[in-house]
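One letter stands for each residue in the lines below.
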Amino acid sequence: MATALNLTAPLKQDPETQARLQQLAAGFAEHVQPLLEAALSKSEVVHYARVLVIDDKYLQVLTEFDGDPMAYTEFFRNELGPVFQQIFSLVEGAPPWEELDDPNEFFEFSRRLNLKALGRSADGDDGRGYLFSAVGDTTVREIKQRLQSSAAPV
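Read on for an overview of the structure. (Residues numbered from 1 in each chain as written. Predicted model: local features only at pLDDT ≥ 70, side-chain atom pairs only at ≥ 80, totals over all residues. Heavy atoms only, no water.)

### Some points on the pairing of strand β1 (residues 3–10)
- The element β1 is largely enclosed, with a buried count of seven among its eight residues.
- Bridge analysis of β1 against strand β3 (residues 58–65) gives eight bridges, and the strand direction is antiparallel. Within β3, the position partnered with Pro-10 by the bridge is Tyr-58. (Buried < 20%, exposed > 50% of the residue type's maximum accessible area, 1.4 Å probe, protein only. Helix = DSSP H or I, 4+ residues; strand = E, 2+ residues; numbered from the N terminus. Pairing = 2+ DSSP bridges.)

### Topic: the pairing of strand β2 (residues 46–54)
- Across eight bridges, the pairing between β2 and β3 is antiparallel. What sits directly across from Ile-54, in β3, is Tyr-58.
- Following β2, the chain reverses through three residues before pairing antiparallel with β3; Asp-55 in that reversal takes a positive phi of roughly 50°.

### So, a negative patch on the surface
- A contiguous patch of negative charge, built from Glu-98, Glu-99, Asp-102 and Glu-105, is present on the exposed surface.
- By the element assignment, Glu-99 lies in helix α4 (residues 97–100). (Patch = residues over 30% accessible without salt bridge, like charges linked within 9 Å, V, L, I, M, F, W, Y side chains within 5 Å. Areas by Shrake-Rupley, 256 points an atom, 1.4 Å probe, with all protein chains shown as cover. Salt bridge = Lys/Arg side-chain N within 4 Å of Asp/Glu carboxyl O. Lys, Arg positive; Asp, Glu negative; His and termini not counted. Charge placed at Lys NZ, Arg CZ, Asp CG, Glu CD.)

### Overview of the packing of helix α2 (residues 69–79) against helix α5 (residues 103–113)
- Where α2 contacts α5, the two axes come as close as 9 Å, and the packing angle between them is 110°. Here α2 is positioned roughly perpendicular relative to α5, judged by the angle of their axes. Where α2 crosses over α5, the two elements pack in a sense that is right-handed. Counting all contacts with α2, which are made through Pro-69, Met-70, Thr-73, Glu-74 and Arg-77, the residues of α5 involved are Pro-103, Asn-104, Phe-106, Phe-107 and Ser-110.
- For the contact of α2 with α5, the class distribution of residues is five nonpolar, three polar and two charged. (Axes fitted to C-alpha atoms, helices over the stretch in contact; angles between N-to-C directions. Parallel < 35°, antiparallel > 145°, perpendicular 65-115°, else oblique. Left-handed = near helix turned anticlockwise from the far one by under 90°. Contact = heavy atoms within 4.5 Å. Nonpolar A, V, L, I, M, F, W, Y, C, P; charged D, E, K, R; others polar.)

### Some points on the environment of Val-140
- For Val-140, the location among the structural elements is in helix α6 (residues 140–151).
- Put simply, Val-140 and Glu-30 are 110 residues apart on the chain and 26 Å apart in space, counted from C-alpha to C-alpha.
- What Val-140 contacts, discounting residues up to four positions off in sequence, is Glu-44, Val-45, Val-46, His-47 and Asp-66.

Spatial relationships are all this shows, so hold off on functional conclusions.
Pasting the structure below:
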C-alpha cells in the first residue's frame, strides 16, 4: 500500500522571506521542476508528486510513495538537498540546514510537518489517516514492469 506524504509547512511572513518565496515560485518550472523530475524518476517509488503554495502562508509537498518513510526521506535528502535547503529556509521554525542535513533530523522534521489525513488508514497506522489506492499494494516498480511487459511486441 502506498504511503501519503502531506508535508505542510508554515511559511515565514517577513518581507525578505516572502520575496524569496516569489522568486522560488517564478523559477520553479525552469530550475526546480527538472531536478524534482529527475529525482522522482530515479527513486522508482513515487506514484504522484506535487508542490503547492497556499495563500503565501503554507508550502505543501504532497506525494504518494512505496516503502519505508525513513528510506524515502533519506533518498530525497541526498538527491535534492539544495532544493530542500532552499524550501526549508522559508519555513517558520525550521532548524538551520546544517542541522537538517542529517538523516534522523531531516526525517523527524519532515514527519512533524506531515499532516494526518482524515479517516482511518487501511494498513492500521493511526498516524496516517485514509488513503485510497485503486491498485492496492502494487508498487511503482511493479506497475512499470507490467506496462513494459504489455508493450513488448508479440
